[in-house]
Amino acid sequence: MKGNLLKKLSACVLCAAMTCSASPCTAFAVPNLNTTAAKLASSDDVVFSTDFEDGDASKFSKRGDTDTSILKVIEDDKAPSGSKVLSITGRDQSWNGPSLAVKGILEPNVKYDISVKVKAAWYNTVCVSLQHTPGGASEPQYTNLVKGVSQGDYVELTASFAYGAEEKDVSLYVETWGEANDLCIDDFTITLSPNNMDPNAPSLKDVYGGMFKFGTATTVSEIAPKSTQDLICKHFNSLTAGNELKPENVLDRAACLALAEDGDDTNPQVTLETAKPILEFARKNHISMRGHVLVWHQQTPMWFFKENYDPDGEWVSKEKMLKRMENYIKNVFAAIKKDYSDIDFYAWDVVNECFTDYGKPRAAGFPAEENNYESSPWVKIFGDNSFIKPAFEFAKKYAPEGCKLYYNDFNEYMDKSDAIVTLTKEINSDGHYIDGIGMQSHLNVTNNGEPTPFPSVGMYRNALEKFSKTGLDIQITELDATVNNKKFDLQADYYSDIMDAIVDYKDYVSAVVVWGTTDDQSWRADRDPLLFNKDYSVKPCFESIVDGIEYVPSTDPVTDPVTDPVTDPVTEPVTDPIMIWGDANCDSNVDMADVVMVMQASLNPAKYGINGTSEDHITKTGEAAADVDDNAGLTVNDALVIQKYTLKLLAKPFIPTNE
Ligand code: GLA
């Protein structure tokens, strides 16, 4: 199950495991990029390594003028190798420490593994981080790559990382999370991360191409290596930005404040600068995108909800927040139209995670450690979940034609599934605003270490069944399945059963998206939840989900995408007929003709059912639209409910599931 705290931290912490090959003294060389393919790390792959035995630490410096650190090579009888280490004393701040500028040592767009042994003088959390300034940004970003605990002993920290060609001032550094106590480091080694991608493995997007899109989520740092880009191009035809299109990255506070100074604090300004590398990549490779996410309690800054955009200010009124919400949604769609109209944004998560596991609205407040990051500022302002409907109305108003709009949630196979169904019925009770349900699908193969999956495949199937009955589209939006102790055979069986279930509902599912590509980059990296290993080789769960499916392999080249939008325009998305509750004949009206059609389809399915022989048989969308009572399947009772609605005896043309 999801831990929201873990989720928050994992957004920037990447974990990885590797074996380190240290060489006896400082050595660095610009890597030969042609050597990266299909081999394990060897001494040839070492691009920088020092154990400080030659007394040279000239490549390392403190972190800027205000850093008080003193760096010196010293003898240490605890040195993990040889007798010398680099000592760092005089640190004043936890971010003070030894830094290695990568210029002249590393290349952009290459995946590297770093290993370093770190000792804190007494108990402390030690961390290897990357400082990097994205193209177009003026302020650096700091990405924590890996952390560990030292209790006066050496702890080995290992991680993978890469940076993009457009990034400036890139450096690796060691810091602490607690006090600024003295540090020592030794055996600092950077190697090329091995690439064992199998060019002959079947492509996921081909295997499932006849059924639904197969996508992945990525982040700017994950997508930096060319090798990761190659893997994504080979297997996926849908891309979700893992963080970069969330409000915290899209809202432009400086521009918001400037406009507020001029008297308008209801028109939040946006920027797509953070997402740019992902958007450019999707455009260049003609990969469709799922937008994620417009309205969410997490990863949305506090100031967005406050007077004068001041995080310490008063909460704004409901009326003002509605205006901000409308303009935010409008501005996001406008920004995409302006700069990326050639990308097929075929889906957007409009609202994310509004229910507790029991199907109730969240508590009011700002998500923080003391509420386990579960409280919602939207509920704080609106008092309940009544902000969801306007969010969909605004999104429908401003989204481009063909872009489908989703309500997305986790633990969607638990009690909250009924609340989700009721929500979608209510939202669409007077129009068609919501197109589909996003099943996040963060699953677990082992549960508390036991080989008992959670959810069971049966629970997951039940959720698919329930959502398919709404007549709305379903997308699997964030699939991953954790496993303890590398029990990859169990994971393969579970993934295969889950995909079998999804395939059984393929008529209702338009996309399956895994939440990340290689295990080392996952937000749940400690339990290996994805389809590919860190070195891009396929895992047993990849093999189990492609096994036995007949498909037509595409002839597309694996890489080298066509980049000319004129000669190869983006295909227009196909729009499904719109479903309106009660509208069995899909003519956009709910009237007696629908009542008659439901009677016919339920009493004589051979003739009027979805596969019926009559030309006037009900369609799949019509059947879903007409399934309006609280029992699954079409019966005379559904006709009765619709009739009552046409006679104005019911306010809505359906019975909400929990009434
Ligand atoms: C949720 C969100 C995602 C992401 C994951 C954890 O499922 O919808 O955007 O934050 O948590 O990484």
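In this text, all values refer to a predicted model and were calculated from it rather than measured experimentally.

Q: Describe the overall build of the protein, and please don't skip the residues or the numbers.
A: A tally of helices and strands in the protein yields 17 helices and 21 strands. Every one of the 659 residues in the protein was classed for burial, and the buried ones make up 54%. Sequence-distant contacts, at least 24 apart, represent 76% of the contacts inside the protein between residues at least 6 apart. Working note: accessible area of the protein is about 27200 Å², and carbon and sulfur atoms make up 50% of it.

Q: Explain the confidence of the model for the protein to me, using residue names and the numbers behind them.
A: The predicted model of the protein averages 89 in pLDDT, with 89% of residues at 70 or higher. When the criterion is pLDDT under 50, residues 1-41 qualifies, and its contacts beyond four places in sequence or with other chains add up to 113 contacts. Predicted confidence is poor over residues 557-576, with pLDDT under 50, and the contacts of this stretch with residues over four places away or in other chains come to 19 contacts.

Q: Tell me about the environment of Lys466, and please be specific about residues and values.
A: The topology assignment puts Lys466 in helix H11 (residues 457-468). Considering only alpha carbons, one finds Lys466 and Val421, 45 residues apart in sequence, at a separation of 7.8 Å.

Q: Lay out empty space enclosed by the protein with the relevant residues and their values.
A: The gaps of empty space that remain are located by a probe, the size of a water molecule, rolled over the atoms. Within this structure, the stated rule accounts for 2 cavities of 30 Å³ or more. Here the largest cavity defines a volume of roughly 90 Å³. In terms of lining, the largest cavity is formed by 13 residues, of which the most central are Phe161, Ala162, Ser221, Glu222 and Gln521. In the lining of the largest cavity, the residues fall into 6 nonpolar, 5 polar and 2 charged. Considering only enclosed or pocket space, the second largest cavity measures out at about 30 Å³ in volume.

Q: Tell me about the pattern of salt bridges, and please be specific about residues and values.
A: The final tally for this structure, using the stated rule, is 24 salt bridges. A salt bridge links Asp519 to Lys539; the nearest nitrogen and oxygen atoms lie 2.7 Å apart. Placement of the pair is Asp519 in the loop between strand S21 (509-514) and helix H13 (540-546) and Lys539 in the loop between S21 and H13, with a sequence separation of 20 residues. The residue Asp526 makes a salt bridge to Arg527 at a minimum N-O spacing of 3.7 Å. For Asp526, a relative accessible area of 57% puts it in the exposed group. If you follow the salt bridges from partner to partner, you end up with Asp265, Glu307, Lys320 and Arg324 in one network.

Q: Can you break down unusual backbone geometry residue by residue, with the values?
A: In the segment running from His292 into Val293, the intervening peptide bond is cis, with an omega of 15°. Relative to the elements of secondary structure, Val293 occurs in strand S15 (residues 288-295). Looking along the chain, the bond that leaves Phe454 and enters Pro455 is cis, with omega of 0°. Its location among the elements puts Pro455 in the loop between strand S19 (442-444) and H11.

Q: Go over the side chain of Gln440, please, and point to the residues and values.
A: Secondary-structure assignment places Gln440 in the loop between strand S18 (436-439) and S19. Within the local environment of Gln440, its side chain forms a polar contact with the side chain of Glu353, the two groups lying 3.0 Å apart.

Q: Break down the sheet that holds strand S11 (residues 168-176) for me, with residues and values.
A: One open sheet accounts for 5 strands, arranged S3-S6-S11-S8-S9; its pairing is antiparallel. Single-partner strands in this sheet number two, and they are strand S3 (60-61) and strand S9 (141-150). Where strand S6 (residues 99-101) and S11 come together, 3 bridges link them in antiparallel fashion. Residue Leu100 lies in a different strand from S11, and its bridge partner there is Leu172.

Q: Mind laying out helix H12 (residues 488-504), listing which residues take part and the relevant values?
A: Residues three or four positions apart in an α-helix share a direction because the helix packs 3.6 residues into each turn. For H12, spanning 17 residues, the distance from its first C-alpha to its last is 24 Å, which sits close to the expected 24 Å at 1.5 Å a residue. Every buried residue belonging to H12 is among Phe488, Gln491, Ala492, Tyr494, Tyr495, Ser496, Ile498, Met499, Ala501 and Ile502, and all of these are buried.

Q: Describe a nonpolar patch on the surface, with residues and values.
A: Residues Trp122, Tyr123 and Val149 make up a contiguous nonpolar surface patch of about 330 Å² in total accessible area. Mapped onto the secondary structure, Trp122 falls in the loop between strand S7 (112-120) and strand S8 (124-133).

Q: Talk me through the pairing of strand S17 (residues 404-409); I want residue IDs and the actual numbers.
A: Of all 6 residues in S17, 6 are buried, a share of seventy percent or more. Side chains of S17 alternate between two faces, with Lys404, Tyr406 and Asn408 and Leu405, Tyr407 and Asp409 buried alike. Sheet analysis places strand S16 (residues 345-352) next to S17, joined by 5 bridges and oriented parallel. Each residue of the ladder has a partner; that of Asn352, found in S17, is Asn408. Direction of pairing for S17 relative to S18: parallel, over a ladder of 4 bridges. Its bridge partner lying in S18, Tyr406 is registered against Gly436.

Q: Run through a negative patch on the surface, naming residues and quoting values.
A: Taken together, Asp489, Asp493, Asp497 and Asp500 make up a surface patch of like negative charges. Mapping Asp497 onto the fold places it in helix H12. Asp497 gets classed as partly exposed once you look at its relative accessible area, which sits at 36%.

Q: Describe the packing of aromatic side chains, naming the residues involved and giving the relevant values.
A: The full count for this structure, using the stated rule, is 25 aromatic pairs. Both rings, one in Trp303 and one in Tyr309, keep their centres 5.5 Å apart while their planes meet at 85°; by these two values the pair is edge-to-face. Owing to a relative accessible area of 10%, Trp303 belongs among the buried residues under this scheme. By relative accessible area, Tyr309 is classed as buried at 0%. Aromatic pair Phe305 and Trp315: ring centres 6.4 Å apart, planes at 50°, arrangement tilted. Of this pair, Phe305 sits in the loop between S15 and helix H7 (318-340) while Trp315 sits in the loop between S15 and H7, and the two are 10 residues apart along the sequence.

Q: Would you mind going over the packing of H11 against H12 in detail, with residue names and values included?
A: Here H11 crosses H12 at 20°, and the two axes come no closer than 10 Å. If you check the angle between H11 and H12, you find them roughly parallel. Crossing handedness for the pair H11 and H12: right-handed. Of the residues in H12, those touching H11 at Val457, Tyr460, Arg461 and Leu464 are Tyr494, Asp497, Ile498, Asp500, Ala501, Ile502 and Asp504. Of the residues contributing to the contact of H11 with H12, the split by class is 7 nonpolar, no polar and 4 charged.

Q: Can you lay out the environment of Pro202 for me, pointing to particular residues and giving the numbers?
A: Of note, Pro202 is situated in the loop between strand S12 (183-192) and helix H2 (204-207). The partly exposed category is assigned to Pro202, whose relative accessible area is 25%. The residues touching Pro202, leaving out its near neighbours within four places in the chain, are Val207, His235, Phe542, Val546 and Tyr551.

Q: Before we move on, could you go through the packing of helix H14 (residues 592-603) against helix H17 (residues 636-646) and cite the residues and values that matter?
A: It is at 8 Å that the axes of H14 and H17 come closest, and there the two elements cross at 175°. In terms of their interaxial angle, H14 and H17 are classed as roughly antiparallel. Contact residues: Met592, Asp594, Val595, Val598, Met599, Ser602 and Leu603 in H14; Val636, Asp638, Ala639, Ile642, Gln643 and Thr646 in H17. Looking at the contact of H14 with H17, its residues break down into 8 nonpolar, 3 polar and 2 charged.

What counts and how
- Residues numbered from 1 in each chain as written.
- Predicted model: local features only at pLDDT ≥ 70, side-chain atom pairs only at ≥ 80, totals over all residues.
- Heavy atoms only, no water.
- Helix = DSSP H or I, 4+ residues; strand = E, 2+ residues; numbered from the N terminus.
- Buried < 20%, exposed > 50% of the residue type's maximum accessible area, 1.4 Å probe, protein only.
- Contact = heavy atoms within 4.5 Å.
- Areas by Shrake-Rupley, 256 points an atom, 1.4 Å probe, with all protein chains shown as cover.
- pLDDT = per-residue confidence, 0-100.
- 1 Å grid on protein atoms, 1.4 Å probe; cavity = no way out; pocket = protein on both sides within 12 Å on 5 of 7 lines; lining within 4 Å.
- Points joined across faces, edges and corners; volume = space filled by probe spheres on them.
- Nonpolar A, V, L, I, M, F, W, Y, C, P; charged D, E, K, R; others polar.
- Salt bridge = Lys/Arg side-chain N within 4 Å of Asp/Glu carboxyl O.
- Polar contact = N/O pair within 3.5 Å; in protein donor to acceptor, adjacent residues only side chain to side chain.
- Pairing = 2+ DSSP bridges.
- Expected span 1.5 Å × (residues − 1).
- Patch = residues over 30% accessible without salt bridge, like charges linked within 9 Å, V, L, I, M, F, W, Y side chains within 5 Å.
- Lys, Arg positive; Asp, Glu negative; His and termini not counted.
- Charge placed at Lys NZ, Arg CZ, Asp CG, Glu CD.
- Phe/Tyr/Trp six-rings, centres within 6.5 Å; stacked < 30°, edge-to-face > 60°.
- Axes fitted to C-alpha atoms, helices over the stretch in contact; angles between N-to-C directions.
- Parallel < 35°, antiparallel > 145°, perpendicular 65-115°, else oblique.
- Left-handed = near helix turned anticlockwise from the far one by under 90°.

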